[in-house]
Amino acid sequence: MMVVDLVVLDVNLATMDPEIERPYGAIEHGAMMVKDGLICWLGAQSELPEFDPVTTPTISAKGAWMTPGLIDCHTHILFAGSRAQEFEQRLNGVSYQEIAQQGGGIATTMKATRAADHEHLFVVGKTRLNALLSEGVTTVESKSGYGLDCDSEIKLLEVNRMLDEHHPISVQSTFLGAHALPPEYRDDADGYIDLVCDHMLPQVAEQSLADAVDAFCENVGFSNEQTRRVFAKATELGLKVKCHAEQLSNQHGSELVAEFNGLSADHIEYLDEAGVKAMAKAGTVGVVLPGAFYFLRETQQPPIDLLRQHNVPIALASDFNPGTAPLCSLRLMLNMACTLFRMTPEEALLGVTRHGAKALGLSDRGVLKVGMRADMVLWQVGHPAELSYQFGVNDLLNTWISGKLVQ
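The model shown is predicted, which means the values in this text are computed figures rather than measured ones.

What counts and how
Residues numbered from 1 in each chain as written. Predicted model: local features only at pLDDT ≥ 70, side-chain atom pairs only at ≥ 80, totals over all residues. Heavy atoms only, no water. UniProt positions renumbered as here; feature names shortened; annotations may be inferred. Helix = DSSP H or I, 4+ residues; strand = E, 2+ residues; numbered from the N terminus. Domains from an automatic or database assignment. Contact = heavy atoms within 4.5 Å. Buried area = accessible area lost by both parts, 1.4 Å probe. Salt bridge = Lys/Arg side-chain N within 4 Å of Asp/Glu carboxyl O. Phe/Tyr/Trp six-rings, centres within 6.5 Å; stacked < 30°, edge-to-face > 60°. Buried < 20%, exposed > 50% of the residue type's maximum accessible area, 1.4 Å probe, protein only. Axes fitted to C-alpha atoms, helices over the stretch in contact; angles between N-to-C directions. Left-handed = near helix turned anticlockwise from the far one by under 90°. Nonpolar A, V, L, I, M, F, W, Y, C, P; charged D, E, K, R; others polar. pLDDT = per-residue confidence, 0-100.

Attention now goes to the UniProt feature "binding site: 4-imidazolone-5-propanoate" (unreviewed entry) in the chain. Feature annotation in UniProt assigns "binding site: 4-imidazolone-5-propanoate" (unreviewed entry) to the following positions: Arg83, Tyr146, His179, Gln247 and Thr324. The topology assignment puts Tyr146 in the loop between strand 7 (137–143) and helix 5 (150–166). Mapped onto the fold, Thr324 is located in the loop between strand 14 (314–316) and helix 12 (330–341).

Okay, structure coming up:
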């Protein structure tokens, strides 16, 4: 007789396990057992091991579908202020690049974020995490990048750790000091990269404040060579790297991050086949961000067919941020990935489960499988495709994080 902490009966499991060779890795008419925060058994209910139904917490899912907890692998949830006025400018014909050149864009958010204290940032971060949690999100990546000086970047990373400790969602912290040029270095990008590499990164590593390091390799961000310096220093300090790459032009950031065996190349609208091949060879995940594509009214789509052809895992994320994707909804991204990028519902769900975990370098979640974290969500849907098909309907029944029911 098995001694476990939780048994779920009469459940349809979208395991997303590649070893189960059915769409969604589905196990219908299934059951699951959880022990010490991990999945310890799952399979057909007819094969359920014996357990004590009197002493074991047991629920019946009544035929509902369970998926792994959703993973939002690219966000900028920590910032202060608003960019609604710039939104209005863009609607009146001003481009994102022009706004940045005028001293707006990221610099606007930087000023407000520098002025905000830990408490304010914690409160706004918690509010945004709550919105994601209500949609079944159990892991979120949160980037710095709106401080752009040593103290403010460290402050953002400290708040990430506070959120990870005090919020049910697991928060993965990413250092994005190379996000934009602060006004102090307006004409000295190399000097700012010196600051990132010689002062910021060593502090981040010494205080263990980041799980990974990101950089914005773009014609309105940092050059390929400047990004290389950031990645080289991060690697020297034992930190994994990822890259904002090929969003507005092809600066070959995807090839660069693959050269460093990076976790992911994100945005990738202008990614070419050379970049795709480099990512495939390195095992680097492609992260598509349809919210920014939609909000900026872009027309260049990421090369989904090329990524499929070369078996590059495709992750999907909200990119929630104040300037280019103020859309705090991963469920909306599932629909957008299908409608805008022609991904299938199964690909979209993979993008926010198994492939989202891979994009963060996490091997303990994203799949319903024995030995994995019991991060799982129960949905009142008749088929997993409904998670991408419809939006705005409250079909979430229960969420568990590390086996604990989240109220």
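Here the domain parsing of the chain yields domain 1 (6–69 + 367–406) and domain 2 (70–360). With centres defined by C-alpha atoms, the gap from domain 1 to domain 2 works out at 30 Å. Taken together, the contact between domain 1 and domain 2 spans 28 residues of the former and 25 residues of the latter. Where domain 1 abuts domain 2, roughly 1,900 Å² becomes buried across the two surfaces, and 64% of that area is made up of carbon and sulfur atoms.

Time to look at the pattern of salt bridges. Applying the stated criterion across every chain, the model contains 17 salt bridges. Two residues, Arg331 and Asp395, come together in a salt bridge whose shortest N-O distance is 2.9 Å. Within this pair, whereas Arg331 is found in helix 12, its partner Asp395 is found in the loop between helix 15 (386–389) and strand 16 (396–401), the two being separated by 64 residues in sequence. In this structure, a network of salt bridges that share partners links the residues Glu141, Lys143, Asp214 and Lys242.

Take the environment of Phe260 next. Of note, Phe260 is situated in the loop between helix 8 (253–259) and strand 12 (264–267). Separated by 145 residues in the primary sequence, Phe260 and Ala115 place their C-alpha atoms 35 Å from one another. Not counting chain neighbours up to four residues away, the residues in contact with Phe260 comprise Arg228, Phe231, Ala232, Thr235 and Val241.

Once that is clear, we can look at the environment of Val230. By the element assignment, Val230 lies in helix 7 (residues 224–236). In the structure, Val230 is positioned 52 residues away from Ala178 in sequence and 7.8 Å away in space, judged by C-alpha atoms. When near neighbours in sequence (up to four residues on either side) are disregarded, Val230 contacts Ala178, Ile193, Val196, Cys197, Leu201 and Val213.

For the structure on display, the rule yields 7 aromatic pairs. Judged by centre distance (5.8 Å) and plane angle (45°), the ring pair of Phe79 and Phe320 falls under tilted. Taken together, the residues Phe79 in the loop between strand 6 (70–72) and helix 1 (84–91) and Phe320 in the loop between strand 14 and helix 12 connect sequence positions 241 residues apart. Neither Phe79 nor Phe320 differs from the other in exposure class; each is buried.

The UniProt record annotates "binding site: Fe(3+)" (unreviewed entry) at His74, His76, His244 and Asp319. Taken along the chain, the residues just named run across 246 residues; in space they keep tight, none of their C-alpha pairs more than 12.3 Å apart. Along the polypeptide, His74 turns up in the loop between strand 6 and helix 1. Every residue in contact with His74, bar those within four places of it in the chain, is listed here: Glu141, Lys143, His244, Asp266, His267, Val287, Leu289, Ala317, Ser318, Asp319 and Phe320. Positionally, Asp319 belongs in the loop between strand 14 and helix 12. When its relative accessible area of 1% is taken as the criterion, Asp319 is described as buried.

Phi at Asp10 takes a positive value of approximately 50°, unusual for a residue other than glycine. As for its position among the elements, Asp10 is in strand 1 (residues 6–14). A positive phi is found at His252, a non-glycine position, where the angle reads about 60°. For His252, the location among the structural elements is in the loop between strand 11 (243–245) and helix 8.

Here we come to the packing of helix 5 against helix 6 (residues 189–206). Packing of helix 5 against helix 6 brings their axes to within 10 Å, and their N-to-C directions diverge by 35°. Remark: the crossing between helix 5 and helix 6 carries right-handed chirality. Contact residues: Cys150, Glu153, Ile154 and Leu157 in helix 5; Leu195, His199, Met200, Gln203 and Val204 in helix 6. In the contact of helix 5 with helix 6, the residues fall into 6 nonpolar, 2 polar and 1 charged.

Bringing the confidence of the model for the chain into the picture now. Per-residue pLDDT for the chain averages 96, and the proportion of residues at 70 or more is 100%. Least confident of the elements in the chain is helix 2 (residues 96–101), whose mean pLDDT is 76; most confident is strand 6, at 99.

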